[in-house]
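Given next are the chains, with one letter for each unit.
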Amino acid sequence: MNLLTEKVRPLYLKYLGAAFGSACISSIYGLVDMAMVGQYHGPSGTAAMSVIMPIYNIIYSLGLFMGIGGSVLYSTEKGKGSHRENEFFSTALWGTVILALAVWAAVAAFEVPLLRLFGADDSLLPLCRQYLLPIKTVAPVFVFNQMIAAFLRNDNAPGLAMAGVLCGGIFNVFGDYFFVFTMDMGIYGAGLATAIGSSITLITMLAHFISKSNTLKVTKITRLPMRVRLILTTGFSTFFIDLAMGIITMLFNRQIMHYLGTSALSVYGVIMTISQFAQCCAYSIGQASQPILSINFGAKKYDRIRTALKYALYTSALFGIIWTVLVFVFPTGFIRIFMKPTQEVLQIAPAIMRCYGISFLLLPLNIFSTYYFQSIMRPAVSFIASVGRGLVVSGALIMLLPAAFGANSIWLAMPITEVITAAYVIIMMARYTKKLSNDDFYGTAVS
């Protein structure tokens, strides 16, 4: 595949298929865990998984930090023909090692305080700790999976990235059932299946480094501080999307337990699992378009960037409509998939899910926009969009709405946030896409 000369449409669709497969299987980890644990333990199991979710978000976000930041710059340099692209790969690799070790130490040392922070009470804490026991053992694997998958997509190996996630995901699906129900391990079994599945994914993707098509090499790094700064600046927005999802979940968990109780928290656990799936669909759009956008930006082929952007926007609209319609039409169906619901849960779930589900309409556009701005070397715009959506606007609404307008108004926090964010990114996208042909615009690209 030649990202600089082949027709954009088949390239985008091929990358989208691989990225979508990877994203779907990745989200199935959480989906299957939530369903199996909810069916085994009931609403308390679903609520426990809701508490655990922010820890996953933080771990994944660190892998994306180095992976997306490094791979965007890798492709840009490749498009420019500078032969310095592997300096960014090497920098990202060593950065990932440091972050993975930090995660390992933090989860091991601060497990209980973290779970308390994310909303666990005395009844949920034992369940959460059982699930995390096998996860802690292989915590660095989750960080490396995200980083390596990003570079594989930028090294013309999106299929292997998908295959790795597929192998681990298939094991996780069957392993969940086997460990949770057949072996009667409950929530611990779900954690064990996820830990093994993630390790299988990593082992599969590492095969790329012994293949003839591999161009990723560990090399000597010149101007290390500059390259670290560029990776951190470029990757921050994508990193913050997942980190912010963890922060938002924590705020929701605490507010829901304060105002509405465990039943509402169990419904929110289901919503977050669906949201994670919708968010992974949005990731697939960004991950499919980013290699095309980055390398063509480096080569100053701006018409190809506009064409890729058009296909990405169409896909964003399609995914947004699909997920919004599904939540509106099948709210109790989702609840029954993920737990054995009580009557109280069935009564409150439809209104909660439909209200929150409005946000899914614009979620794919807002997440894709961060990849777009990163790819055309506009990290400041991407930063404003991701931080505004993920913390400033959403956090303020989560805290203020229930206090000002009653407990149930909390479910409007994300729909309002997505509307405000979409207004900003549409304006910025139109402005900077119009400027693409201006040579001064290219001046901020790395040299």
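Notes on the structure in this doc start here.

**A look at the overall build of the protein**
Across its full length, the protein carries 16 helices and zero strands. Its C-alpha atoms put the protein at 60 × 45 × 35 Å along the principal axes. A buried classification covers 62% of the 447 residues belonging to the protein. The contacts in the protein between residues at least 6 apart in sequence include a share of 84% that link residues at least 24 apart. Carbon and sulfur atoms form 69% of the exposed surface of the protein, whose accessible area is close to 16500 Å². Distance from the positive charge centre (30 side chains) to the negative charge centre (17 side chains) of the protein: 9 Å.

**Brief notes about unusual backbone geometry**
Of note in the backbone geometry, arginine 223 takes a positive phi value of approximately 50° without being a glycine. Along the chain, arginine 223 falls in the loop between helix H8 (187–205) and helix H9 (224–259). One non-glycine residue, lysine 300, adopts positive backbone phi at about 60°. With respect to the helices and strands, lysine 300 occurs in the loop between helix H10 (262–298) and helix H11 (302–329).

**Considerations on the environment of threonine 219**
In this structure, threonine 219 sits in the loop between H8 and H9. Threonine 219 gets classed as partly exposed once you look at its relative accessible area, which sits at 35%. When the C-alpha atoms of threonine 219 and aspartate 303 are compared, they prove to be 33 Å apart, with 84 residues separating the residues in sequence. Sequence-distant contacts of threonine 219, defined by excluding residues within four places in its chain, comprise Asn86, Glu87 and Ser90.

About the criteria used
Residues numbered from 1 in each chain as written. Predicted model: local features only at pLDDT ≥ 70, side-chain atom pairs only at ≥ 80, totals over all residues. Heavy atoms only, no water. Helix = DSSP H or I, 4+ residues; strand = E, 2+ residues; numbered from the N terminus. Buried < 20%, exposed > 50% of the residue type's maximum accessible area, 1.4 Å probe, protein only. Contact = heavy atoms within 4.5 Å. Areas by Shrake-Rupley, 256 points an atom, 1.4 Å probe, with all protein chains shown as cover. Lys, Arg positive; Asp, Glu negative; His and termini not counted. Charge placed at Lys NZ, Arg CZ, Asp CG, Glu CD.

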